[in-house]
Amino acid sequence: MQTVLISGGGIAGTVLAHWLHRRGFAPTVVERAPSPRPGGQAVDIRGVALDVVGRMGLLERARKVRTRMRGMSVLDPEGHEIDRSTESTFSSGRLDSDDIELLREDLVRMVHEHTREDAEYLFGDSVTALQEDGDGVRVDFVHGASRTFDLVIGADGLHSTVRRLVFGPEERFARHLGSYLSVFSADNFLGLDDWQVWLRDGEVGFGVMPVRDSTELRIAFGFESGPLARERRDSATLRQLVVDRLASLRWEGARLAKAAAEAPDFYCDAMAQIRMDRWSHGRVALLGDAGYCPSPLTGQGTSLALVGAHVLADCLARTPGDHHAAFSRYERRMRPFVTLNQDLITENPGGPAAEALITRAKNALSLDD
């Protein structure tokens, strides 16, 4: 039985663990966080990704915890409604679609519970070094003892440690998209009832979504900016930057800034894509955002992670003992799907060209190729 280390316990990593176990591999997942990560924005399961979740036996569970939005309002900088819709929202698209929007933390928790008996989980640890030889990959960890695995998969996100160790610095592959996104939770101080609000004021803007039976808000705040200097990218500095920019807003700025300052699940990072000529080297391969992050601006990151995990496990199972052939097949199958989804970033959101491209991208790959 081949052993596979998966670096990253998010959506891509846990879903891969499920499919590898089903195909006779022995997966181990190492995750820096002490437990499945809470917080994060709502994510979408679309098109062929719905088939992946269905084959995992989790489709009905996902539908039970989906968001239940009735619509949205678009506000001007003073907080006056200038548009509304009961047919679609910016976060999920059409409300009558078969797509499923749910909180990232709910999906991660669901898949972890589904796989925790089938995979070894190493929480509170991370990879520090990889050394490949003819028999496997020796992996050094921050805390645990060194171990050797047959294969290593980097599913550790935009700032992937595995990618840096094997392929080189992030700057070679990251394409900054001119903005940053912060996501955090707060009590429902706006009294929203399954109704989103969106506002843009110059170079900043936000969307607010009620969740957990409208008892809680998830706030997504974006601001235009070139790449920040390294010394300004630590969590505390980014939080203060977000707090200051929120405080300057004319509508609800003070309360939004207070929520960002106090949020236990505060997140902020650059909007960027990862574009690479290849996703594998030797016994190591990349999955999801680590290899082909499309950015949250496309709404397709979760679907790419789900589909990529299924395809990668399938390719490894079809060429037992030949990881070179498996990784090559994985790239051939996924590359057109990834390219279509990453290209969504060039289209005007909500426009007819974007809608047409989304439809193509959602279903541009067959799980049974």
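Structural data are supplied above this passage.
The structure contained in this document is the topic of the report that follows. Here the structure is a predicted model, which means the values were calculated and not measured.

### Some details on the sheet that holds strand E12 (residues 147-149)
Turning to step 1, where the next piece is worked out: One open sheet accounts for three strands, arranged E10-E11-E12; its pairing is antiparallel. Each of the sheet's edge strands pairs with one partner strand only, and the pair in question is strand E10 (127-133) and E12. Neighbour-to-neighbour, the strand axes of the sheet open up by a mean angle of 30 degrees, direction not taken into account.
Turning to step 2, where the next piece is worked out: As defined by bridge partners, E10 adjoins strand E11 (residues 136-141) across six bridges and the pair is classed as antiparallel. Residue Glu132 lies in a different strand from E11, and its bridge partner there is Val137.

### Structural notes on the layout of surface pockets
Turning to step 1, where the next piece is worked out: The space that makes up the second largest pocket amounts to roughly 200 Å³.
Turning to step 2, where the next piece is worked out: Around the second largest pocket, the lining comprises 13 residues; the ones closest to its centre are Arg66, Thr67, Val211, Arg212 and Asp213.
Turning to step 3, where the next piece is worked out: The residue makeup of the lining of the second largest pocket, split by class, is five nonpolar, two polar and six charged.

### Here we look at the environment of Asn341
Turning to step 1, where the next piece is worked out: You can see Asn341 is positioned in helix H10 (residues 323-342).
Turning to step 2, where the next piece is worked out: Judged by its relative accessible area of 0%, Asn341 falls in the buried class.
Turning to step 3, where the next piece is worked out: Between the C-alpha atoms of Asn341 and Asp99, which are 242 residues apart in sequence, the distance is 16 Å.

### Thoughts on unusual backbone geometry
Turning to step 1, where the next piece is worked out: One non-glycine residue, Arg212, adopts positive backbone phi at about 55 degrees.
Turning to step 2, where the next piece is worked out: Among the secondary structure elements, Arg212 is positioned in the loop between strand E16 (204-211) and strand E17 (216-224).
Turning to step 3, where the next piece is worked out: We classify Arg212 as partly exposed; its relative accessible area is 31%.
Turning to step 4, where the next piece is worked out: For Asp213, which is not glycine, the phi torsion reads 55 degrees and is therefore positive.
Turning to step 5, where the next piece is worked out: Turning to its location among the elements, Asp213 is positioned in the loop between E16 and E17.

### Overview of the packing of helix H9 (residues 301-318) against H10
Turning to step 1, where the next piece is worked out: Contact geometry of H9 with H10 gives a least axis separation of 8 Å together with a crossing angle of 160 degrees. As the angle between them shows, H9 and H10 are arranged roughly antiparallel. Seen along the crossing, H9 lies across H10 with a hand that is right-handed. When H9 is examined against H10, the residues Leu304, Val307, Gly308, Val311, Leu312, Asp314, Cys315, Leu316 and Arg318 are found in contact with a partner set consisting of Ala326, Phe327, Arg329, Tyr330, Arg333, Met334, Phe337, Val338 and Asn341.
Turning to step 2, where the next piece is worked out: Among the residues making up the contact of H9 with H10, the classes are represented as twelve nonpolar, two polar and four charged.

### What to know about the pattern of salt bridges
Turning to step 1, where the next piece is worked out: With the rule as written, the count across this model stands at 25 salt bridges.
Turning to step 2, where the next piece is worked out: Arg23 serves as the salt-bridge partner of Asp314, at 3.7 Å between the closest nitrogen and oxygen. One end of the pair, Asp314, is in helix H9; the other, Arg23, is in the loop between helix H1 (11-22) and strand E2 (26-31), and 291 residues separate them in sequence.
Turning to step 3, where the next piece is worked out: Residue Asp314 is classed as buried on the basis of its relative accessible area of 9%.
Turning to step 4, where the next piece is worked out: For Arg23, a relative accessible area of 26% puts it in the partly exposed group.
Turning to step 5, where the next piece is worked out: Arg250 is the salt-bridge partner of Glu78, the closest N and O atoms lying 3.1 Å from each other. In this pair, Glu78 is assigned in the loop between strand E4 (71-75) and strand E5 (81-85) and Arg250 in the loop between helix H6 (235-247) and helix H7 (253-262), connecting sequence segments 172 residues apart.

Conventions adopted
Residues numbered from 1 in each chain as written. Predicted model: local features only at pLDDT ≥ 70, side-chain atom pairs only at ≥ 80, totals over all residues. Heavy atoms only, no water. Pairing = 2+ DSSP bridges. Helix = DSSP H or I, 4+ residues; strand = E, 2+ residues; numbered from the N terminus. Axes fitted to C-alpha atoms, helices over the stretch in contact; angles between N-to-C directions. 1 Å grid on protein atoms, 1.4 Å probe; cavity = no way out; pocket = protein on both sides within 12 Å on 5 of 7 lines; lining within 4 Å. Points joined across faces, edges and corners; volume = space filled by probe spheres on them. Nonpolar A, V, L, I, M, F, W, Y, C, P; charged D, E, K, R; others polar. Buried < 20%, exposed > 50% of the residue type's maximum accessible area, 1.4 Å probe, protein only. Parallel < 35°, antiparallel > 145°, perpendicular 65-115°, else oblique. Left-handed = near helix turned anticlockwise from the far one by under 90°. Contact = heavy atoms within 4.5 Å. Salt bridge = Lys/Arg side-chain N within 4 Å of Asp/Glu carboxyl O.

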